[in-house]
Amino acid sequence: MVDSSMTDSAKVSPGAGPSYAGWIGKLSNSPIYAATIGLVANSRMARLVLLLAIPLVWIVTLHIGPIYQMARISVMDNYPPAPGGTVYTLDNYRLFFQEPLYFMPFLRSIVFAVCVTATTLVVVYPVAYYVAKVVKPENRTRALLLLLTPFWAGELIRTFSVIMFLANRGAVNVFLREIGFIDRPIIMLYNYFSLSFGVIYLISLFMLLPLYSAIEKIPTSLVDAAADLGAGPWARFRRVILPLSRDGIISGCSLVYLTSIGVFAAPLLLGGPSSTIFPEIIASLFHGSSDKWPEGAAFSILMLAVSLSTVGLFMRVVGGRTVKLM
């Protein structure tokens, strides 16, 4: 039986104006609604365009736009443009190949990034495997949080912590002197050792998370089956674990390489005169007089192109191989 109070409240008095349903009907039948919201609601293509609009605007304005502007400046003879007009030239790119002062730091940066990437993979892989497979499932979140805690601090703070760790009166030299291993401090700062150590510490997170995600997904039953078939620890790692964690290796190495080849703060604070890399050269061109901006932009475009090409080749070669378990 329906309550009379509910039916009375649902009634609309003649003097109360049109009902809510009436307003909805008028709105849906209006030409403005049909040309805007109605078009989106009835068209699959319109819904797709609306869904992609925000990410496309983000990518174009904050990624493609700055790169386009950098490429445009790189072919100018002067920036800001002279009052008489802009002259476009490729001399800024030719300068890179004509001057060893610029070409050698570029090669040094590529070799440095490759070495840092390989070292980070070797150092971080056992840690990721331990967290993903050895630590109990209920404790893995805590272990990850413990590993991620240092990365909550800023890059400069972590860089200065490396300086205090490796300084002549830092933690390492103090410990070695206390145990009688050394009589005088070992110089560990402002060289390739401190630079590599600092960069690996700063960007190891980019290797840890992809590796952990890939290793955690490896079924334990496959490793147990390989052990039952007589495969030793090294054979299980080489034939089962390593091939199945390939996606994590590719993602981690790509992220670490692209980050390490363009790192700037760590080389500035941890490197020395003999360990100058290409981002420092680019920064010096932009921080100098304004007529060096075209050269800096050209060098930046070259570095971007070579970095992306190297990563693309790496993903093509390593990612194109088929996984063979046995």
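Residues numbered from 1 in each chain as written. Predicted model: local features only at pLDDT ≥ 70, side-chain atom pairs only at ≥ 80, totals over all residues. Heavy atoms only, no water.

1. Side note on the side chain of Ser 300
Quick reminder of the rule: A helix here means a DSSP run of H or I that spans at least four residues, while a strand means a run of E at least two residues long, and both kinds are numbered starting from the N terminus. Any residue under 20% of the maximum accessible area for its type is buried, any over 50% is exposed, and the rest in between are partly exposed; the area is computed with a 1.4 Å probe on protein chains only. Throughout, a residue-residue contact means that at least one pair of heavy atoms, one from each residue, lies within 4.5 Å.
Within the secondary structure, Ser 300 is located in helix H18 (residues 293–319). With relative accessibility at 18%, the residue Ser 300 sits in the buried group. Excluding its chain neighbours within four sequence positions, the residues that come into contact with Ser 300 are Met 70, Ile 282 and Phe 286.

2. Some thoughts on unusual backbone geometry
Residue Tyr 190 is not a glycine yet carries a positive backbone phi of 60°. With respect to the secondary-structure elements, Tyr 190 resides in the loop between helix H10 (171–178) and helix H11 (192–203).

3. A few points about helix H15 (residues 246–261)
As a reminder of what qualifies: To estimate the expected span of a helix, subtract one from its residue number and multiply by 1.5 Å.
Given a rise of 1.5 Å per residue, 16 residues ought to cover 22 Å, and the 22 Å separating the end C-alpha atoms of H15 matches this to within 8%. Residues of H15 that are buried: Arg 246, Gly 248, Ile 249, Ile 250, Gly 252, Cys 253, Ser 254, Val 256, Tyr 257, Ser 260 and Ile 261. Contact partners of the buried residues in H15: helix H7 (100–134), H11, helix H12 (205–216), helix H14 (233–244), helix H17 (278–287) and H18.

4. Re the pattern of salt bridges
The cut-off we apply is this: By salt bridge we mean one thing: a side-chain nitrogen of Lys or Arg within 4 Å of a carboxyl oxygen of Asp or Glu.
With the rule as written, the count across this model stands at 2 salt bridges. Residues Arg 94 and Asp 91 are paired through a salt bridge, measuring 2.4 Å at the closest nitrogen-oxygen approach. Of the two residues, Arg 94 and Asp 91 are both situated in helix H6 (residues 91–98); the distance of 3 residues between them amounts to about one turn of the helix.

5. A look at a nonpolar patch on the surface
Heads up, the condition is: Each patch is built from salt-bridge-free residues with over 30% relative accessible area, joining like charges within 9 Å and nonpolar side chains (Val, Leu, Ile, Met, Phe, Trp, Tyr) within 5 Å. In these tables, accessible area is a Shrake-Rupley quantity obtained with a 1.4 Å probe, and a residue counts as shielded only by the protein chains included in the view.
Taken together, Met 45, Leu 48, Val 49, Leu 51, Leu 52 and Leu 56 make up a surface patch of nonpolar side chains, about 590 Å² in accessible area. Along the chain, Met 45 falls in helix H5 (residues 44–74).

6. Here we look at the packing of aromatic side chains
Here is the rule we go by: Geometry of aromatic contacts follows a simple scheme: Phe, Tyr and Trp rings, the Trp one being its six-membered ring, pair when their centres are within 6.5 Å, and the pair is stacked under 30 degrees between planes, edge-to-face over 60, tilted otherwise.
Scanning all chains against the criterion turns up 15 aromatic pairs. Judged by centre distance (5.6 Å) and plane angle (15°), the rings of Tyr 79 and Trp 293 are stacked. Remark: Trp 293 occurs in helix H18 and Tyr 79 occurs in the loop between H5 and H6; sequence separation between them is 214 residues. Arranged with centres 5.8 Å apart and planes meeting at 75°, the rings of Phe 96 and Phe 278 form a pair that is edge-to-face.

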